[in-house]
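Coordinates in review
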Amino acid sequence: MTNKKLIIDTCSIRDFFKFYLFKSDNQEIFQGLLNFFVKKVESGEIIIIDKVWEELPNWTRYKLSIKISKYIIDTKNLFNNVEQIIDDNKRNDILNKMDSNKQTIELDKYAFGPIADIYLLAYSANLKNQNVDNILVTEESKRDDGKILPKLPELCEKENIEYQNIPKILFNFYKDELNFSLNIA
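Overview of the structure. (Residues numbered from 1 in each chain as written. Predicted model: local features only at pLDDT ≥ 70, side-chain atom pairs only at ≥ 80, totals over all residues. Heavy atoms only, no water.)

Focus: the overall build of the protein chain
Within the protein chain one finds ten helices and four strands. In the protein chain, the order of α-helices and β-strands from amino to carboxyl end is β-α-α-β-α-α-α-α-α-α-β-α-β-α. A total of 185 residues make up the protein chain; the buried ones form 44% of that total. In the protein chain, 74% of the contacts between residues at least 6 apart in sequence involve partners at least 24 apart. With an accessible surface of roughly 10,500 Å², the protein chain has 48% of that area assigned to carbon and sulfur atoms. (Helix = DSSP H or I, 4+ residues; strand = E, 2+ residues; numbered from the N terminus. Buried < 20%, exposed > 50% of the residue type's maximum accessible area, 1.4 Å probe, protein only. Contact = heavy atoms within 4.5 Å. Areas by Shrake-Rupley, 256 points an atom, 1.4 Å probe, with all protein chains shown as cover.)

Okay, structure coming up:
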């Protein structure tokens, strides 16, 4: 168990179930993993923000909704922080990268739409400013994929926010609570 809050992104939740989907034939193990995840959300150790919840596929939301929907964190209060992050990441550079016909639509999508990355960063920075130790959990890499804003790891580094991927979190932070094994016949 960690003393840090884990703010988890959409890909990490989706991939948690994708990585361990092979265990879904073994309902006891799969249900144990699902219960472990839910327990960590209920305890406040793993944090899911509303923007992430909105991006989750229906299958994942269905599996989790009954148990954790009341624990989803509302991020409407972070709007100004999100705007500041965009400004800090050179709004003019962003606009210059876009086709002039798409400027308003694309900027709105990245600044105000259901894009969780900036809100995750703003939430993590907000916790850090309140002296709450946290790690942003993301499956993203620094690889440039043509998106207008930098990838989440690059933004984390700019903002001095710690980040890790879900396998490292599971194997490093929860090694005393989870026992992983693989048997090859």
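Now, onward.
Considering the pairing of strand β3 (residues 134–137)
A regular strand carries its side chains on alternate faces of the sheet. Side chains N134 and L136 of β3 all project onto a buried face; the interleaved residues I135 and V137 project onto the opposite face, where all are buried too. With four bridges connecting them, strand β1 (residues 5–8) and β3 associate as parallel partners. Bridge pairing in β3 links L6 to I135. Across two bridges, β3 lies against strand β4 (residues 163–164) in parallel orientation. Bridge assignment links L136 to a residue of β4, and that residue is Y163. (Pairing = 2+ DSSP bridges.)

Looking at the nonpolar core
By size, the foremost hydrophobic cluster in this structure holds 44 residues, and its most contacted members are I8, I13, F37, I48, L64, L120 and Y174. The element contributing the most residues to this core is helix α8 (residues 116–129), with nine residues. (Core = buried A, V, L, I, M, F, W, Y, C linked by side-chain atoms within 4.5 Å.)

Observations regarding the sheet that holds β3
Read from one edge to the other, the open sheet built from four strands follows the order β2-β1-β3-β4, with strand pairing classed as parallel. The open sheet has two edge strands, β2 (46–47) and β4, and neither has a second partner. Taken strand by strand, helix α10 (residues 166–173) contacts β1, β3 and β4, and its axis lies near 135 degrees from that of β3. (Axes fitted to C-alpha atoms, helices over the stretch in contact; angles between N-to-C directions.)

Topic: the pairing of β1
Judged from the two bridges that link them, β1 and β2 form a sheet pairing that is parallel. Note on β2: the bridge partner recorded for I7 is I47.

A word on the environment of I49
With respect to the element layout, I49 can be found in the loop between β2 and α3 (50–55). When the C-alpha positions of I49 and Y119 are compared, they lie 8.1 Å apart, and in sequence the two are 70 residues distant. Apart from residues lying up to four places away in sequence, I49 is in contact with I72, I73, T75, A116, Y119, L120 and Y123.

Notes on helix α9 (residues 152–159)
All of the buried residues in α9 are L152, P153, L155 and C156. Viewed along the axis of α9, the buried residues span an arc of 160 degrees, placing them on a single side of the element. Buried residues belonging to α9 abut α8, β3 and β4. (Arc of directions from axis to C-beta.)

Structural notes on α10
I166, I169 and L170 are the residues of α10 that are buried. Axial view of α10: buried residues confined to an arc of 95 degrees, hence all on one face. Sitting at the head of α10, N165 places a side-chain oxygen 3.0 Å from the backbone nitrogen of K168. (Polar contact = N/O pair within 3.5 Å; in protein donor to acceptor, adjacent residues only side chain to side chain.)

Side note on unusual backbone geometry
Phi at N131 is positive, roughly 60 degrees, even though this residue is not glycine. Tracing the backbone through its elements, the reader meets N131 in the loop between α8 and β3. By relative accessible area, N131 is classed as exposed at 73%. Even without being glycine, N160 reaches a positive phi, approximately 60 degrees. Among the secondary structure elements, N160 is positioned in the loop between α9 and β4. Taking the relative accessible area as the measure of exposure, N160 reaches 59% and is therefore exposed.

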